[in-house]
Amino acid sequence: MASRKETTVAASTGSSAAASKARSKAAPGDSAVKQVQIDGLVVLKIIKHYQEEGQGNEVVQGVLLGLVVDDRLEITNCFPFPQHTEDDADFDEVQYQMEMMRSLRHVNIDHLHVGWYQSTYYGSFVTRALLDSQFSYQHAIEESVVLIYDPIKTAQGSLSLKAYRLTPKLMEVCKEKDFSPEALKKANVAFEHMFEEVPIIIKNSYLINVMLWELEKKSAVADKHELLSLAGSNHLGKSLQLLMDRVDEMSQDIVKYNTYLRNTSKQQQQKHQYQQRRQQENLQRQSRGEPPLPEEDMSKLFKPPQPPARMDSLLIAGQINTYCQNIKEFTAQNLGKLFMAQALQEYNN
Amino acid sequence: MGPDLVRGGGLDPLLTRCGRRFEELTNLIKTIRNAMKIRDVTKCLEEFELLGKAYGKAKSIVDKEGVPRFYVRILADLEQYLNELWEDKEGKKKMNKNNAKALSTLRQKIRKYNRDYESQISSYRQVPGGAGGSSSSEDDDDGEGMSAAAFLKKKEPSGDSRSKFLKKMEVRALPGVRGGGGIAHVWQFPPEMWKKCLESIDELLDMLFANPNIFIGENILEESENLSNFEQPLRVRGCILTLVERMDEEFTKIMQNTDPHSQEYVDHLKDEGRVCGIIGRVQSYLQEKGTTEEICRGYLRRVLHTYYKFDYKAHQREQGPAGDSKVLTPPTPLSAAVGRRGAVGGRPWGGAGRLSPLSPQILYNRTMVQLGICAFRQGMTKDAHNALLDIQSSGRAKELLGQGLLMRSLQERNQEQEKIEKRRQVPFHMHINLELLECVYLVSAMLLEIPYMAAHEFDARRRMISKQFHHQLRVGERQPLLGPPESMREHVVAASKAMKMGDWRTCHRFIINEKMNGKVWDLFPEADKVRTMLVRKIQEESLRTYLFTYSSVYDSISMEILSDMFQLDLPTVHSIISKMIINEELMASLDQPTQTVVMHRTEPTALQNMALQLAEKLGNLVENNERVFDHKQGTYGGYFRDQKDGYRKNEGGYMRRGGYRQQERQANY
């Protein structure tokens, strides 16, 4: 799915070039967007999309359309990407996007690309694919964001919609495409500095607000049962499982790194020994009057082992962080609920 | 030698020498045959000359008796062999100069020499059984067979004592008696010889039993032989045991070389009873007179014959005192005796290896397997499983038991190797049914593993009791379509799945049905006893599995209901549950008045188990992380750390020691 993004971004660069020109130049090292303002329509559309097509582990994706005003990113509309089915193997995403945007332009809706959205399963969205997609988006359109919609958390009572961007530091590293440990150290990128969250405001037009007030008066407010649900062990169990998997991966990664270090030092030793031996031999030869042996290219003899790429471990660390945050929130809420329930019980008895 | 024995009238001093001369000749002939095999003609030539000389020395004896058959044989064979080599022009060119020269010399000599024995050679060549590479000792056996016949026919006028002597002579004349043995035979007895051999041995044993003042043993030297003085106990040099062992080996060879599916095989099998009888008698004789080593060898022979089968009649006979299957009780003392001597493969086993063509390793494996099957029959599943574990976990059960040939098709196998391998195989009637073996193993593994798995479902550190069993289970799970089980393995896998649920009836149905009966259970002696034992075991283990799996759901269970569910009587249920509680496998209490099991609900829930697992994994993560630090920080980073972890300490001192190592290496230059 991510690969689609890269192709489409190139196509839409032209259309958004106009948008970026209108914007003021942001200070270097600073993120271009300080706030995201989302229309209610977009939120509803995202939720609907997930409900229709996204049951299970599948992630649903779509394109965000809007405008940049000062340091605010306004998202006014969106349209979903249809699921990739086998029959339309020749489904041309770029074509589809272009069509959509053209149609929208005809209807006088904002048709400028500003980002993309994705649903997530229990918070597992920090993947290589997402990183690549977002990088290509942000490279083309500097103000892009990715909206992460967590349907399961939403089902538990509160809307969970977050906007993420890649930090400028990470952008630099990705541009170089050099993920070796040295480069990352130089750039001083830790997993906390990978993504930055941008605060979201949900805004509606005045007309819509008026309608909502009228509706409120007419219909009874639905009771929000889900917020008070005490059943959470399933959710917790699944989160724990995912967390454990990541921890395992992390362990393996560290072991790999360890072996790499050991191999390098061993090789250093060998190199050193070889050099010593060579010197000795040369001395002997000199004493016997023979010509010294030529100095051989050390790098050919001792190929240094490949340093493992560190990007994956960064991603895993980021993911673990996300999981931990989620679990923290969830358990805090649940503890509160359990105490409340206990108090109620005691009160009733 | 035959006619000589009959000549009565006192002791012929030549008789003692006769044996010795012939021994010399046989040794030389052996060397010659070896040299023939390796195509070393120069050696052949040397030995032939020595043979000629030795023969000359024995000439006086030969004059009286006539040319011994084995001698004629070697002459004929040698000539034939040389002729073959001569015709083989290609081979001649390849031979080195010495060999070629020796070949021509030897050929000439043989031609000249054999002209003297023309008649004997031609008569030998006409006898059909005379062809083939046979060792010299074989000739003597042959000769002895004939002499036995001759002896039996002739009447002995001099009375009993003489007959004893002569019989002893006959015994001495056997090369096996001379402490030989272990010579590889390739050719075996023709059947008439075999029968006569059996009879003569029987008679010899009769004599030995009847006359307790005869001592016969290997340790009696020729000088101390006492053959004439009747007052003192008669001592004869020789060994009755080796004789019997040789005969046993002959029997094995006959069985190996006969087609297992022919009628001939069955006929030969009937002789086995006689062989066993003889061995038994020898053993009882030895128990009074022989040394410990000989007793052990006798035991070994008996064990070799009895360990693999179940004798119904003997079973009924011994049902009274032992109350146990014959196969179990005799092997236990016998095996203990043998085991004492040969436990770790020291010299005594070497002796056993010498005695039987099967390697000690194969024998050991076979005994283990038999013990395992016996244990299973008695219901001791844990022992059965342990006994069979090693054999089953390697995929080569067939070879380990000596019942199949190693498929070494990649390497070249010449005839010699094949022959050796074949000789090491166990004859067909002693084969253990491999499918039965595997079934016994899988069923005992199932009875052990399923409750264990249920008890340790959430443990991160689960130990697999038997890898083969798990492998089978996994293979079964991978099947896309699960039909009704066909093969024995599928039956056991399906039964395991049923038992996991605690459903003992389905499990029972899978284990004991027509198919399985035909393949496995009917092959057991006392099949019904085995089946009842199995059903009982299945019930008990299903009960335990059920309790392990569902104890977290129950608050309390009534024991009556359990006993009804699993068709076990109440005291049994009570005892099983008590054992589980005492072993801390089940957290519960037994309430006597209501006959219920009250669960304590102290086990962690699934979520808690997961949290524990997570904690363990995090521990691992932290450890790995710190190792990276140690590596980087080197000298002091790890040195002052916790001294408990040796690895860490090593890692800490790594850089330093690395430096030392370099210095050492420099010094070595």
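Just so you know, these numbers come straight off a predicted model, no measurement behind them.

Cut-off values and rules
Residues numbered from 1 in each chain as written. Chains lettered and ligands numbered in written order. Predicted model: local features only at pLDDT ≥ 70, side-chain atom pairs only at ≥ 80, totals over all residues. Heavy atoms only, no water. Phe/Tyr/Trp six-rings, centres within 6.5 Å; stacked < 30°, edge-to-face > 60°. Buried < 20%, exposed > 50% of the residue type's maximum accessible area, 1.4 Å probe, protein only. Helix = DSSP H or I, 4+ residues; strand = E, 2+ residues; numbered from the N terminus. Lys NZ or Arg CZ within 6 Å of the ring centre and 35° of its normal. Pairing = 2+ DSSP bridges. Axes fitted to C-alpha atoms, helices over the stretch in contact; angles between N-to-C directions. Contact = heavy atoms within 4.5 Å. Buried area = accessible area lost by both parts, 1.4 Å probe. Salt bridge = Lys/Arg side-chain N within 4 Å of Asp/Glu carboxyl O. Polar contact = N/O pair within 3.5 Å; in protein donor to acceptor, adjacent residues only side chain to side chain. Nonpolar A, V, L, I, M, F, W, Y, C, P; charged D, E, K, R; others polar. Parallel < 35°, antiparallel > 145°, perpendicular 65-115°, else oblique. Left-handed = near helix turned anticlockwise from the far one by under 90°. Core = buried A, V, L, I, M, F, W, Y, C linked by side-chain atoms within 4.5 Å. Patch = residues over 30% accessible without salt bridge, like charges linked within 9 Å, V, L, I, M, F, W, Y side chains within 5 Å. Areas by Shrake-Rupley, 256 points an atom, 1.4 Å probe, with all protein chains shown as cover. Lys, Arg positive; Asp, Glu negative; His and termini not counted. Charge placed at Lys NZ, Arg CZ, Asp CG, Glu CD. Expected span 1.5 Å × (residues − 1). Arc of directions from axis to C-beta.

Visitor: Account for the packing of aromatic side chains, naming residues and giving values.
Guide: Using the criterion set out here, one finds 11 aromatic pairs over all chains in the structure. Judged by centre distance (4.7 Å) and plane angle (90°), the rings of Y121 of chain A and Y122 of chain A are edge-to-face. Here Y121 of chain A falls in the partly exposed class, since its relative accessible area comes to 22%. Considering the side-chain rings of Y546 of chain B and F566 of chain B, the 5.8 Å spacing of their centres and the 65° angle between planes classify their relative orientation as edge-to-face. Highlighted residues: Y546 of chain B in helix 28 (residues 527-550) and F566 of chain B in helix 29 (residues 559-566), separated in sequence by 20 residues. Given a relative accessible area of 11%, Y546 of chain B falls into the buried group. Every member of this aromatic cluster is reached through a ring pair, and the members are Y546, Y550, Y554 and F566 of chain B. Residue placement shows R310 of chain A over the ring face of Y257 of chain A; its charged tip is 4.5 Å from the ring centre.

Visitor: Describe the sheet that holds strand 4 (residues 113-119) of chain A, naming the residues involved and giving the relevant values.
Guide: Residue and element names in this part refer to chain A. Read across the open sheet, the 8 strands follow the order 7-6-5-4-2-3-1-8; overall the sheet is mixed. Bordering the open sheet on either side are strand 7 (195-198) and strand 8 (200-203), each of which pairs with just one other strand. Within the sheet, the average angular offset between the axes of one strand and its neighbour, ignoring direction, is 35°. Pairing geometry for strand 1 (residues 35-39) and strand 8, over 4 bridges, is parallel. By the bridge assignment, D39 is partnered in strand 8 with K203. Packing of helix 2 (residues 40-53) onto the sheet brings it into contact with strand 1, strand 2 (61-69), strand 3 (72-80), strand 4, strand 5 (145-149), strand 6 (161-166) and strand 8, and relative to strand 3 it is tilted by some 35°.

Visitor: Which residues make up the interface of chain A and chain B, and what values do they have?
Guide: Contact with chain A, which involves 25 residues of that partner, is made by 23 residues of chain B. When the two sides are added together, the surface that chain A and chain B hide from each other amounts to roughly 2,200 Å², 63% of it contributed by carbon and sulfur. Contact with chain B buries area across many residues of chain A, yet M244, I254 and Q269 of chain A alone supply 24% of it, more than any other trio. Applying the counting rule to chain A against chain B returns 1 salt bridge. Applying the counting rule to chain A against chain B returns 1 residue pair in polar contact (both at pLDDT 80 or more). Across the side of chain A that touches chain B, the residue classes break down as 10 nonpolar, 11 polar and 4 charged.

Visitor: So what's going on with the environment of V43 of chain A? Residues and values would help.
Guide: Residues and elements named next belong to chain A. Its location among the elements puts V43 in helix 2. Note: C-alpha distance between V43 and L159 (116 residues apart in sequence) is 9.6 Å. If we ignore the near neighbours within four places in the chain, the residues touching V43 are I38, L159, L161 and I202.

Visitor: With reference to specific residues and values, describe the sheet that holds strand 3 (residues 556-558) of chain B.
Guide: Residues and elements named next belong to chain B. A sheet is described by the order of its strands in space; here 3 strands give the open sequence 3-5-4, paired in antiparallel fashion. Each having just a single partner strand, strand 3 and strand 4 (588-591) make up the two edges of the open sheet. With direction set aside, neighbouring strand axes in the sheet form an average angle of 20°. Of the pairings in the sheet, the one linking strand 4 to strand 5 (residues 596-599) comprises 4 bridges and is antiparallel in character. Counterpart to S589 in the pairing with strand 5 is V598.

Visitor: Can you explain the packing of helix 28 of chain B against helix 30 (residues 570-582) of chain B? Please cite residues and give values.
Guide: All names here are of chain B. Between helix 28 and helix 30, the shortest axis-to-axis distance is 11 Å and the interhelical angle comes to 50°. The angle between helix 28 and helix 30 places the two elements in the oblique class. Crossing of helix 28 over helix 30 shows right-handed handedness. Of the residues in helix 30, those in contact with R536, E540, L543, R544, L547 and F548 of helix 28 are T572, V573, I576, I577 and M580. Classifying every residue of the contact of helix 28 with helix 30 by side-chain character gives 7 nonpolar, 1 polar and 3 charged.

Visitor: Would you mind going over the nonpolar core in detail, with residue names and values included?
Guide: All names here are of chain B. Of all hydrophobic cores here, the largest spans 62 residues; its most connected members are F376, M446, I511 and W521. Examining the composition of this core, we find that 13 residues originate from one element, helix 23 (residues 434-455), more than from any other. Excluding residues within four positions of it along the chain, W521 makes contact with F376, C439, V443, I511, I512, M516, A527, V530, R531 and L534.

Visitor: Describe in detail unusual backbone geometry, supporting the description with residues and values.
Guide: The backbone phi angle of Y122 of chain A is positive, close to 60°, even though this residue is not glycine. Along the polypeptide, Y122 of chain A turns up in the loop between strand 4 and helix 4 (128-140). For Y122 of chain A, a relative accessible area of 8% puts it in the buried group. Positioned with a positive phi, Q567 of chain B is a non-glycine residue whose angle comes to about 55°. With respect to the helices and strands, the residue Q567 of chain B is situated in the loop between helix 29 and helix 30. Q567 of chain B gets classed as partly exposed once you look at its relative accessible area, which sits at 44%.

Visitor: Go over the side chain of S119 of chain A, please, and point to the residues and values.
Guide: Take S119 of chain A: it is sitting in strand 4. For S119 of chain A, the contacting residues outside a window of four places in its chain are Y50, E58, V59, V60 and Y149 of chain A.

Visitor: I'd like to hear about the pairing of strand 6 of chain A, residue by residue, with values.
Guide: All names here are of chain A. The buried fraction of strand 6 is high, at 5 of 6 residues. In this structure, strand 5 lies alongside strand 6, joined through 4 bridges in antiparallel fashion. Its bridge partner lying in strand 6, L147 is registered against A163. As paired strands, strand 6 and strand 7 are joined by 4 bridges and run antiparallel to one another. Note that in strand 7 the partner of R165 across the bridge is E196.

Visitor: Can you tell me about a negative patch on the surface, naming the residues and giving the values?
Guide: Side chains of E172, E176, D178 and E182 of chain A sit close together on the surface and give a patch of like negative charge. Relative to the helices and strands, D178 of chain A resides in the loop between helix 6 (168-176) and helix 7 (181-187).

Visitor: Give me the side chain of S551 of chain B: which residues, what numbers.
Guide: With respect to the secondary-structure elements, S551 of chain B resides in the loop between helix 28 and strand 3. Not counting residues within four places of it along the chain, the set of residues in contact with S551 of chain B comprises Y546, L586, M599, R601 and E603 of chain B.

Visitor: Please set out a nonpolar patch on the surface residue by residue, giving values where relevant.
Guide: Residue and element names in this part refer to chain A. A cluster of nonpolar side chains, contributed by L207, I208, M211, L212 and L215, occupies part of the molecular surface with about 490 Å² of accessible area. Take L207: it is sitting in helix 8 (residues 206-218). On the accessibility criterion, L207 (72% relative accessible area) is exposed.

Visitor: Summarise helix 3 (residues 93-106) of chain A; cite the residues concerned and give the values.
Guide: Residue and element names in this part refer to chain A. For helix 3, with 14 residues, the first-to-last C-alpha span of 20 Å sits near the 20 Å given by 1.5 Å per residue. Those residues of helix 3 that fall on the buried side of the exposure criterion are E93, Q97, M101 and L104. Buried residues of helix 3, viewed axially, fall in a sector of 65°; they line one side. Looking at the residues trailing helix 3, positive phi occurs at N108, about 70°.

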